[in-house]
Amino acid sequence: DNTLWFGVVGEDGLNGIEMSRDTRRGKVFFEIHERILNLKKQGVMLALCSKNNIEDVKEVFEKHHDCILSIEDFTGIKVNWDNKDSNIVALARELNVGLDSFVFLDDSEFELGMVREALPDVE
């Protein structure tokens, strides 16, 4: 929410979020999707770490007409209501990579600060 698309899918619904190259608010999110897909094409593993309901998130990737990312693009997925720092640690274990392999992208200064403090190896 507000990182891969504009809006909060649990509140705004599938049709209330934006990630279209054709809208002012959605354009930046479409460009983020393009950059993420380019990283994947270069061999970067993608992981999804979100405080959300998994059903809502899957619906976005499966049904939103402007979403160019697929849920299958992600090697690891943690969509729940746990702290993001603990989810990143779990992803590192599951993927068998060090925390220094992670780059964390989020719209929330609070979440960024929590991860920065708890996991200083994460960029």
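You'll find the structure just up there.
Residues numbered from 1 in each chain as written. Predicted model: local features only at pLDDT ≥ 70, side-chain atom pairs only at ≥ 80, totals over all residues. Heavy atoms only, no water.

A. Just the overall build of the protein chain, in detail. From N to C terminus, the protein chain includes five helices and two strands. N-terminal to C-terminal, the α/β element order of the protein chain is α-α-β-α-β-α-α. For the protein chain, the spread of C-alpha atoms along the principal axes amounts to about 35 × 30 × 25 Å. Buried residues in the protein chain amount to 41% of all 123 residues. For the protein chain, the proportion of contacts with a sequence separation of at least 24, taken over those separated by at least 6, is 56%. Approximately 7,400 Å² of the protein chain is accessible, and the part contributed by carbon and sulfur atoms is 46%. On the protein chain, the mean spot of the 14 positive side-chain charges and the mean spot of the 25 negative ones are 4 Å from each other. (Helix = DSSP H or I, 4+ residues; strand = E, 2+ residues; numbered from the N terminus. Buried < 20%, exposed > 50% of the residue type's maximum accessible area, 1.4 Å probe, protein only. Contact = heavy atoms within 4.5 Å. Areas by Shrake-Rupley, 256 points an atom, 1.4 Å probe, with all protein chains shown as cover. Lys, Arg positive; Asp, Glu negative; His and termini not counted. Charge placed at Lys NZ, Arg CZ, Asp CG, Glu CD.)

B. Spatial organisation of the pairing of strand E1 (residues 47-51). In this structure, E1 lies alongside strand E2 (residues 76-80), joined through five bridges in parallel fashion. When the bridges of E2 are listed, alanine 47 appears paired with glycine 76. Crossover connection from E1 via helix H3 (residues 54-63) to parallel E2: handedness right-handed. (Pairing = 2+ DSSP bridges. Right-handed = clockwise from strand over helix to strand, strands pointing away.)

C. Here's a closer look at the packing of helix H4 (residues 84-95) against helix H5 (residues 109-118). Running from N to C, H4 and H5 cross one another at 55°; their axes reach a closest spacing of 9 Å. By the criterion of interaxial angle, the relationship of H4 to H5 is oblique. From H4, Lys84, Asp85 and Ile88 reach across to H5, where they touch Glu111, Met114, Val115 and Ala118. Residue composition of the contact of H4 with H5, by class: four nonpolar, no polar and three charged. (Axes fitted to C-alpha atoms, helices over the stretch in contact; angles between N-to-C directions. Parallel < 35°, antiparallel > 145°, perpendicular 65-115°, else oblique. Nonpolar A, V, L, I, M, F, W, Y, C, P; charged D, E, K, R; others polar.)

D. Structural context of the packing of aromatic side chains. A complete count under the given rule lists three aromatic pairs for this structure. Aromatic side chains tryptophan 5 and phenylalanine 61 sit 6.0 Å apart centroid to centroid with 70° between the ring planes, which places their arrangement in the edge-to-face category. Highlighted residues: tryptophan 5 in the segment before helix H1 (9-12) and phenylalanine 61 in helix H3, separated in sequence by 56 residues. On the accessibility criterion, phenylalanine 61 (7% relative accessible area) is buried. (Phe/Tyr/Trp six-rings, centres within 6.5 Å; stacked < 30°, edge-to-face > 60°.)

E. Layout of the pattern of salt bridges. What the rule picks out here adds up to six salt bridges. Measuring nitrogen to oxygen at the nearest pair gives 3.0 Å for the salt bridge that ties lysine 40 to aspartate 73. Of this pair, lysine 40 sits in helix H2 (residues 24-41) while aspartate 73 sits in the loop between H3 and E2, and the two are 33 residues apart along the sequence. You can call lysine 40 partly exposed: its relative accessible area is 35%. Judged by relative accessible area, which is 11%, aspartate 73 ranks as buried. (Salt bridge = Lys/Arg side-chain N within 4 Å of Asp/Glu carboxyl O.)

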